[in-house]
Amino acid sequence: MVHKISVIGAGNVGATLAQRLAEKELSKYVALVDVVEGVPQGKALDMQESSPIYGYDTQMLGGNSYDVIRDSDIVIITAGLPRKPGMSRDDLLDANAKIMTQVCENIKREAPEATVIVVSNPLDAMCHVALQITGFPDRRVFGMAGVLDASRFRTFIAEALDVSVEQVQAFVLGGHGDSMVPLVRYTTIAGIPIADLLPHNKIEELVTRTRNGGAEIVQFLKTGSAYYAPSASVVEMVESIVKDKKKVLPCSVYLNGEYGISGLYVGVPVKLGRNGIEQVWELPLSAQEREELNISIEDVRQNVEKLKTMVPA
Ligand code: NAI
Ligand code: 2OP
């Protein structure tokens, strides 16, 4: 157990995440911060009042000022606008970069030793802002997306084959956008490659559904985006860090030459432990996978270029 985990943004993802973290007792304190007056305080109190029933002793804190996150071990950023139907994640770039800048200045001051997990979209570009503004080592600033995208892929595969989700393993590489790369070759059921179990056209259908997984939920909700699977995905990452489990998970990380890329956040498999990103795993890619990854990287690069005009270097 660590001392404190903080969640910035007490909206759909942030509040659901705080509740899940509290129930897991991964830290003594879970702190929630939001700009809307009363909301983080009210949600934290409401969660505290469910603790006798669920049997957790996690202490919930809520506030509009950042003193509640002081000395956090881990800070998760979910502050920002979610997309609405017809919007892409990239449409959020401008507004969320400004919010991210303000949030990260506060994290830098109040929690200088924290590991920072970014959730706000467009994810890979927002990781850049977080790295720039906090100035923390890159192995302590990374983003959640691949766990979610892979979980969606795993869900659809389990459904197609009518097998337990627990036995489906999948990896999704690249940026958290429409050009993400679900890696079919590395996707297995109980160790059996899916190509041996499903016809090619069915696999392609599931890949497309995974790429559009976020939009599918937005189409249903209309006023916001997914939050149950996203918050569960963050919990898996946090648990691996707190318990030093060293799980290998797809995360958006700052690459320093791995996969032939430098200076960009891209979703790749990493080992997550107490020190944050402990190792980046380079998978051998086929020519087609490499080509798809390059397209995805190009999308991330374009967002980062746009950022340069907005965020001070
Ligand atoms: P939401 O609208 O329910 O919550 C966002 C919260 O951020 C609101 O409560 C708002 O008051 C707060 N906020 C806005 N400006 C703030 C500031 N300067 N400081 C502190 N709080 C501030 O949105 P939701 O659904 O929770 O999504 C949050 C973000 O996460 C969105 O950008 C969304 O696109 C992204 N997201 C990313 C996922 C991923 O896979 N990386 C998955 C799901 C959501
Ligand atoms: C998702 O994939 C909105 O990025 C978010 O659901």
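Rules used throughout
- Residues numbered from 1 in each chain as written.
- Chains lettered and ligands numbered in written order.
- Predicted model: local features only at pLDDT ≥ 70, side-chain atom pairs only at ≥ 80, totals over all residues.
- Heavy atoms only, no water.
- Pairing = 2+ DSSP bridges.
- Helix = DSSP H or I, 4+ residues; strand = E, 2+ residues; numbered from the N terminus.
- Core = buried A, V, L, I, M, F, W, Y, C linked by side-chain atoms within 4.5 Å.
- Buried < 20%, exposed > 50% of the residue type's maximum accessible area, 1.4 Å probe, protein only.
- Domains from an automatic or database assignment.
- Contact = heavy atoms within 4.5 Å.
- Expected span 1.5 Å × (residues − 1).
- Buried area = accessible area lost by both parts, 1.4 Å probe.
- Salt bridge = Lys/Arg side-chain N within 4 Å of Asp/Glu carboxyl O.
- Polar contact = N/O pair within 3.5 Å; in protein donor to acceptor, adjacent residues only side chain to side chain.
- Nonpolar A, V, L, I, M, F, W, Y, C, P; charged D, E, K, R; others polar.

### Notes on the sheet that holds strand β7 (residues 168-169)
The antiparallel open sheet is built from three strands, whose spatial order is β7-β10-β11. The outermost strands of the open sheet, each flanked by one partner alone, are β7 and β11 (192-193). In this structure, strand β10 (residues 188-189) lies alongside β11, joined through two bridges in antiparallel fashion. Paired with Thr188 across the bridge in β11 is Pro193.

### Let's talk about the nonpolar core
With 54 residues, the main nonpolar core has Leu21, Ile76 and Val238 as its most contacted residues. For this core, the domains that each give at least three residues are domain 1 (2-143) and domain 2 (146-307). If we skip the residues at most four places from it in the chain, Leu21 touches Ile5, Val7, Leu26, Val30, Ile76, Val235 and Val238. With 33 residues, the next largest nonpolar core counts Ile69, Val75, Ala114 and Ala130 among its residues.

### Details of helix α6 (residues 146-161)
Compared with an ideal rise of 1.5 Å per residue, which puts 16 residues at 22 Å, α6 spans 22 Å between its outermost C-alpha atoms and is within 8% of the ideal. Among the residues of α6, Gly146, Val147, Leu148, Asp149, Ala150, Arg152, Phe153, Phe156, Ile157 and Ala158 are the ones counted as buried. Once α6 ends, the next one or two residues include Asp162, with phi positive near 55°.

### Considering the domain arrangement of the protein chain
Each domain of the protein chain was delimited in the assignment, giving domain 1 (2-143) and domain 2 (146-307). The straight-line distance from the C-alpha centre of domain 1 to that of domain 2 is 22 Å. Taken together, the contact between domain 1 and domain 2 spans 38 residues of the former and 49 residues of the latter. In this assembly, domain 1 packs against domain 2 so that about 3,600 Å² is buried in total across both faces, 66% of it on carbon and sulfur atoms. The tally of links between domain 1 and domain 2 comes to three salt bridges. Here Asp178 ties to Arg89 by a salt bridge, and the two come within 3.8 Å at their closest N and O atoms. Seen at the junction of domain 1 and domain 2, the total is 14 residue pairs in polar contact (both at pLDDT 80 or more). Each residue belonging to the side of domain 1 that touches domain 2 can be placed in one class, and the counts come to 22 nonpolar, seven polar and nine charged.

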